[in-house]
Structure formats: C-alpha cells, structure tokens
Amino acid sequence: MSTTAITHPRERTMAAWRSRLGVLASRGETTGPRVDECRAALSWWRLRAALDREVAAGYLDPDRADDLLEEAVGAMT
C-alpha cells in the first residue's frame, strides 16, 4: 500500500489540479486520498481567488490575505 504525501496547493496551478482530478475520474477513481487532495487544493485556489478580489478592492491587506491562506493549508492537513 502506498501513501500519498499532501502537496501544498500552491505547487500546482488551479488548472493543473482540475486536470488531475479529471484524469482520476476518467480512470474511475472518484473517492480516496488523491481525489480528496485535489478537491482540497481546488478549494484553496477558490479561497485564494476570493481573497485576491478583496485585496484588489482594498478591503484586505495583502499580508493578511497570505496569512489566511497559510492558515487554510494548516487546516487541510
């Protein structure tokens, strides 16, 4: 039995995570740790996009946005 190390979502683009999830699904793998990892990473990217919009609008400090993202990664592991 092999184990899958959790990869930081930032190590791949959102498109790469989406593609990986699609490849897994095309092979019939719709549950399991690798699928969970992809879904968590995609969730992180959606959160990042939302925080980036808040930063761009001037509602959130960029450093605070980075801190929130790192806390999200900590919650994922």
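For the structure itself, look to the data block above.
Below you will find a few notes about this structure. (Residues numbered from 1 in each chain as written. Predicted model: local features only at pLDDT ≥ 70, side-chain atom pairs only at ≥ 80, totals over all residues. Heavy atoms only, no water.)

1. Thoughts on helix α1 (residues 14–26)
(1) Moving on: Given a rise of 1.5 Å per residue, 13 residues ought to cover 18 Å, and the 18 Å separating the end C-alpha atoms of α1 matches this to within 8%.
(2) Moving on: Every buried residue of α1 is accounted for by Trp-17, Leu-21 and Leu-24. All buried residues of α1 fall inside an arc of 60° around its axis, so they share one side.
(3) Moving on: At its buried positions, α1 is contacted by α2 (33–57).
(4) Moving on: Positive backbone phi, at 90°, marks Gly-28, one or two positions downstream of α1. (Helix = DSSP H or I, 4+ residues; strand = E, 2+ residues; numbered from the N terminus. Expected span 1.5 Å × (residues − 1). Buried < 20%, exposed > 50% of the residue type's maximum accessible area, 1.4 Å probe, protein only. Arc of directions from axis to C-beta. Contact = heavy atoms within 4.5 Å.)

2. Focus on the packing of aromatic side chains
(1) Moving on: The full count for this structure, using the stated rule, is one aromatic pair.
(2) Moving on: For the ring pair Trp-44 and Trp-45, a centre distance of 5.1 Å and an interplane angle of 85° mean the geometry is edge-to-face.
(3) Moving on: Trp-44 sits in the buried class, given a relative accessible area of 1%.
(4) Moving on: In this arrangement the basic side chain of Arg-12 is found over the ring face of Trp-17, its NZ or CZ atom lying 4.8 Å from the centre. (Phe/Tyr/Trp six-rings, centres within 6.5 Å; stacked < 30°, edge-to-face > 60°. Lys NZ or Arg CZ within 6 Å of the ring centre and 35° of its normal.)

3. Comments concerning a negative patch on the surface
(1) Moving on: Together, Asp-61, Asp-63, Asp-66 and Asp-67 make up a negatively charged patch on the protein surface.
(2) Moving on: On the secondary structure map, Asp-63 appears in helix α3 (residues 62–76).
(3) Moving on: For Asp-63, a relative accessible area of 53% puts it in the exposed group. (Patch = residues over 30% accessible without salt bridge, like charges linked within 9 Å, V, L, I, M, F, W, Y side chains within 5 Å. Areas by Shrake-Rupley, 256 points an atom, 1.4 Å probe, with all protein chains shown as cover. Salt bridge = Lys/Arg side-chain N within 4 Å of Asp/Glu carboxyl O. Lys, Arg positive; Asp, Glu negative; His and termini not counted. Charge placed at Lys NZ, Arg CZ, Asp CG, Glu CD.)

4. Overview of the nonpolar core
(1) Moving on: Core analysis: the largest hydrophobic core is formed by 14 residues, its most contacted members being Trp-17, Leu-21, Cys-38 and Trp-44.
(2) Moving on: Mapped by element, the contributors of at least two residues to this core are α1, α2 and α3.
(3) Moving on: Looking at which element gives the most residues to this core, the answer is α2, with seven residues.
(4) Moving on: Residues in contact with Cys-38, not counting those within four places in the same chain, are Trp-17, Arg-20, Leu-21 and Leu-24. (Core = buried A, V, L, I, M, F, W, Y, C linked by side-chain atoms within 4.5 Å.)

All quantities given are derived from atomic positions and should not be read as evidence of function.
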